[in-house]
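Here are the chains, one letter per residue:
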Amino acid sequence: MIVIDGDAITGIASFYGEINRAFMAGEDWTLGPSLDALNDLLYGGFGAIEGAEPVTLVWNKIEQSRTALGRDATRDHYRAKLARPGVYDRARIEKDIAALEAGTGPTYFEIIREIIADHPNIELREA
């Protein structure tokens, strides 16, 4: 069982801080703020997950995290990418922002939930 403390999550940076606390305690390195890195972590092989063993992930105060990782945080995340021309696909990021503003694009929180759901060995328990 791995427990995420939603009280510790106030935005994207603190989300990864909490992920590192919960999953990477025995490692001498930490996970960077990347959805791809989060996905890799959930496959196992380092940190708290060794492989494809069943894992119960308890996310306490999940509603607080939903708000902290919601539309505003997602918009800020995309805008930070736009500030790095040549690194990110500007047209795709602008499309993602437009979808977010229209209510049809996922928030950072919803993307995280999708990533977790893609790992059948991980059971998410909302608390």
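A brief look at the structure comes next.

Calculation rules
Residues numbered from 1 in each chain as written. Predicted model: local features only at pLDDT ≥ 70, side-chain atom pairs only at ≥ 80, totals over all residues. Heavy atoms only, no water. Helix = DSSP H or I, 4+ residues; strand = E, 2+ residues; numbered from the N terminus. Rg over C-alpha atoms; globule rule 2.2 N^0.38 Å. Buried < 20%, exposed > 50% of the residue type's maximum accessible area, 1.4 Å probe, protein only. Areas by Shrake-Rupley, 256 points an atom, 1.4 Å probe, with all protein chains shown as cover. Lys, Arg positive; Asp, Glu negative; His and termini not counted. Charge placed at Lys NZ, Arg CZ, Asp CG, Glu CD. Salt bridge = Lys/Arg side-chain N within 4 Å of Asp/Glu carboxyl O. Expected span 1.5 Å × (residues − 1). Contact = heavy atoms within 4.5 Å. Polar contact = N/O pair within 3.5 Å; in protein donor to acceptor, adjacent residues only side chain to side chain. Pairing = 2+ DSSP bridges. Axes fitted to C-alpha atoms, helices over the stretch in contact; angles between N-to-C directions.

### A short note on the overall build of the chain
Step number 1: Broken down by element type, the chain carries six helices and three strands.
Step number 2: Sequence-ordered secondary structure for the chain, helices as α and strands as β, is β-α-α-β-α-α-α-α-β.
Step number 3: Radius of gyration (C-alpha) of the chain: 15 Å, near the 14 Å computed for a compact globule of 127 residues.
Step number 4: In terms of principal-axis extent, the alpha carbons of the chain reach across some 40 × 30 × 25 Å.
Step number 5: Expressed as a percentage of its 127 residues, the buried residues of the chain come to 42%.
Step number 6: Total accessible area on the chain stands at roughly 7,000 Å², and carbon and sulfur atoms take up 50% of it.
Step number 7: A gap of 7 Å separates the mean positions of the 13 positive and 21 negative side-chain charges of the chain.

### So, the pattern of salt bridges
A side chain with one charge can pair with a side chain of the opposite charge if their charged atoms come near.
Step number 1: What the rule picks out here adds up to nine salt bridges.
Step number 2: Residue Glu18 pairs with Arg21 through a salt bridge whose shortest N-O separation is 2.5 Å. Placement of both Glu18 and Arg21 in helix α1 (residues 12–23) is noted, with a separation of three residues, approximately one turn of the helix.
Step number 3: Taking relative accessible area as the criterion, Glu18 reaches 5% and is therefore assigned buried.
Step number 4: Of the charged contacts, one joins Glu63 and Arg66 as a salt bridge, the two residues approaching to 3.0 Å between their closest N and O atoms. Here Glu63 and its partner Arg66 are both found in helix α3 (residues 62–68), three residues apart, which amounts to about one turn of the helix.

### Here we look at helix α5 (residues 90–102)
Step number 1: Taking 1.5 Å of rise per residue, 13 residues should cover 18 Å, and α5 covers 18 Å from first to last C-alpha, within 8% of that figure.
Step number 2: Against the buried residues of α5 lie α4 (71–82).
Step number 3: By the N-cap criterion, in which a side-chain oxygen at the helix start approaches the backbone nitrogen of a residue two or three places on, α5 is capped by Asp89, the distance to Ala91 being 3.2 Å.
Step number 4: Directly after α5, the chain includes Gly103, whose backbone phi takes a positive value near 85°.

### Details of the sheet that holds strand β3 (residues 122–126)
Step number 1: Judged by pairing direction, the sheet is parallel, and its three strands sit side by side in the order β1-β2-β3 without closing on themselves. Sheet topology places β1 (2–5) and β3 at the edges, where each strand pairs with a single neighbour. Going from strand to strand, the sheet's axes swing by 20° on average, the running direction of each strand aside.
Step number 2: In this sheet, β3 lies alongside strand β2 (residues 55–60) in parallel orientation, the contact comprising five bridges.

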